[in-house]
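Chains, contacts and geometry: an overview
As a plain string of letters, each chain reads:
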Amino acid sequence: MPLGNCAALCHGSFMGLKHDLYLSRKPLAGFVVIGLAWASFFAQMPVIKANLGASDDMFGGILLVAALGALAAMWLAPLADRLAGAFSLPLGAALVGAGFFWGGASSNLVTFIIALMMATAGSGIIDVLVNARIAGIEARSKRNLMNLNHGLYSFAYAGSALLTGAAREAGWAPTQVFSVLGVAVLVLCCVMYGRDTDTGIEPETSSEGTVSVVFVWLIGGIVMMAFLAETASESWSALHIERTLNGGAGEGALGPALLGLTMGIGRLSGHIVSRYVADRVLIAVALVMSGCGIALAASAQTILMAYAGFALGGLGISVVAPVALALLGRSVPAEARMAAISRASVIGYSAYFLGPPLMGFVSEGLGLRAAFYVVAGLLIVVAITLVPLLTRHGRRV
């Protein structure tokens, strides 16, 4: 390719990315809030747990109860959007920031549970609203934006985890870290306030037709499988490397770190690939790729082989949920989009309740390798069963 053409292509790609960031800046700020907040919380979980004096099983139970706040908020997010309007995203972000600060300052379990439920409720509201709004902007602008926003969420999460780790090394208390988070949330609230009416694109006209309820459940099932594979790999990869392959603590920690990095890279790559590959094809290929990667990690005889498997699994699974939600958003009438994405998100989020018991039960009975094989097999089964059904149960006009 001539040098001039290459330079023009690069310039065009840069300008396209800049335009995509501008179009999605308000919901993108919500994605960043969730990434910053949850990374800072999980990175401080050991010291927060110690301050509460909670045992492992007790703290796990607290997290499970708090997750119910997110589920309820996801279900009620359309109502919150109707009532709060332009304030809905900032309201969710305020709940996240205030909840985590209160939780970091809590010294007893009751106040901590209430604070954490506040944070998870705000997070659930933001999660549904930002996905629905990105889907709406996609429908109006004819641009693929979901992978870009999910990818930047992944990088915000990784950056926040690194900065929080450095703050802990410097001796910062949770309240200090969450105070800085509160300032960042306040700035991002200024960005996300309002509706996406000044994007330079025509408002979406109301469209006739309905979407099959089965289609929403199919999308929800695919998203659930993506989240199940993600949480299984994030939560159990370090243990697999350390216990099954006799790796050290540092080698074990690199497993989930590689997964997070490859998921961010995969989502940004998916932002480009989704322009040229049909959604259903991309979802199916990504599910199979992730299944092969996790199976490779399960069968690994060396730590490097496990790293390669988890990296491949992360690359594949990274695009499944964003592309599936984008497909749902484009398949429903504008007035039904928020409710459809809310329902699919609730179904998908159930993976965080089903995943840990599934992995624990299979691992206890057959070993950790078998548990990862089960996840890999489920990914491939979903690719060859649920994805083909999307065409049959799509939009009915």
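Above this text is the structure in question.
Conventions used here
- Residues numbered from 1 in each chain as written.
- Predicted model: local features only at pLDDT ≥ 70, side-chain atom pairs only at ≥ 80, totals over all residues.
- Heavy atoms only, no water.
- Axes fitted to C-alpha atoms, helices over the stretch in contact; angles between N-to-C directions.
- Helix = DSSP H or I, 4+ residues; strand = E, 2+ residues; numbered from the N terminus.
- Left-handed = near helix turned anticlockwise from the far one by under 90°.
- Contact = heavy atoms within 4.5 Å.
- Nonpolar A, V, L, I, M, F, W, Y, C, P; charged D, E, K, R; others polar.
- Parallel < 35°, antiparallel > 145°, perpendicular 65-115°, else oblique.
- Salt bridge = Lys/Arg side-chain N within 4 Å of Asp/Glu carboxyl O.
- Buried < 20%, exposed > 50% of the residue type's maximum accessible area, 1.4 Å probe, protein only.

Considerations on the packing of helix α7 (residues 146–169) against helix α13 (residues 320–331)
Axis separation between α7 and α13 bottoms out at 9 Å; the angle between their running directions is 140 degrees. As for how α7 packs across α13, the hand of that crossing is right-handed. Counting all contacts with α7, which are made through Met-146, Asn-147 and His-150, the residues of α13 involved are Pro-322, Val-323, Leu-325 and Ala-326. Along the lines of polarity and charge, the residues of the contact of α7 with α13 split into five nonpolar, two polar and no charged.

Observations regarding the packing of helix α2 (residues 25–43) against helix α5 (residues 88–105)
Between α2 and α5, the shortest axis-to-axis distance is 11 Å and the interhelical angle comes to 10 degrees. The orientation of α2 with respect to α5, classified from their angle, is roughly parallel. Contact with α2, carried on its side by Lys-26, Pro-27, Val-33, Ala-37, Trp-38 and Phe-41, involves Leu-89, Ala-93, Val-96 and Phe-100 of α5 and no other residues of that element. For the contact of α2 with α5, a count of residues per class yields nine nonpolar, no polar and one charged.

Brief notes about the pattern of salt bridges
For the coordinates displayed, the defined rule picks out four salt bridges. With its nearest N and O atoms 3.4 Å apart, the salt bridge here joins Glu-138 to Arg-330. Highlighted residues: Glu-138 in helix α6 (residues 109–141) and Arg-330 in helix α13, separated in sequence by 192 residues. By relative accessible area, which is 4% here, Glu-138 ends up buried. Where Arg-330 meets Asp-279, a salt bridge forms, and the shortest distance between an N and an O atom there is 2.1 Å. One end of the pair, Arg-330, is in helix α13; the other, Asp-279, is in helix α11 (residues 279–299), with 51 residues separating them in the sequence. Each of Glu-138, Asp-279 and Arg-330 takes part in salt bridges that share partners, so that together they form one network.

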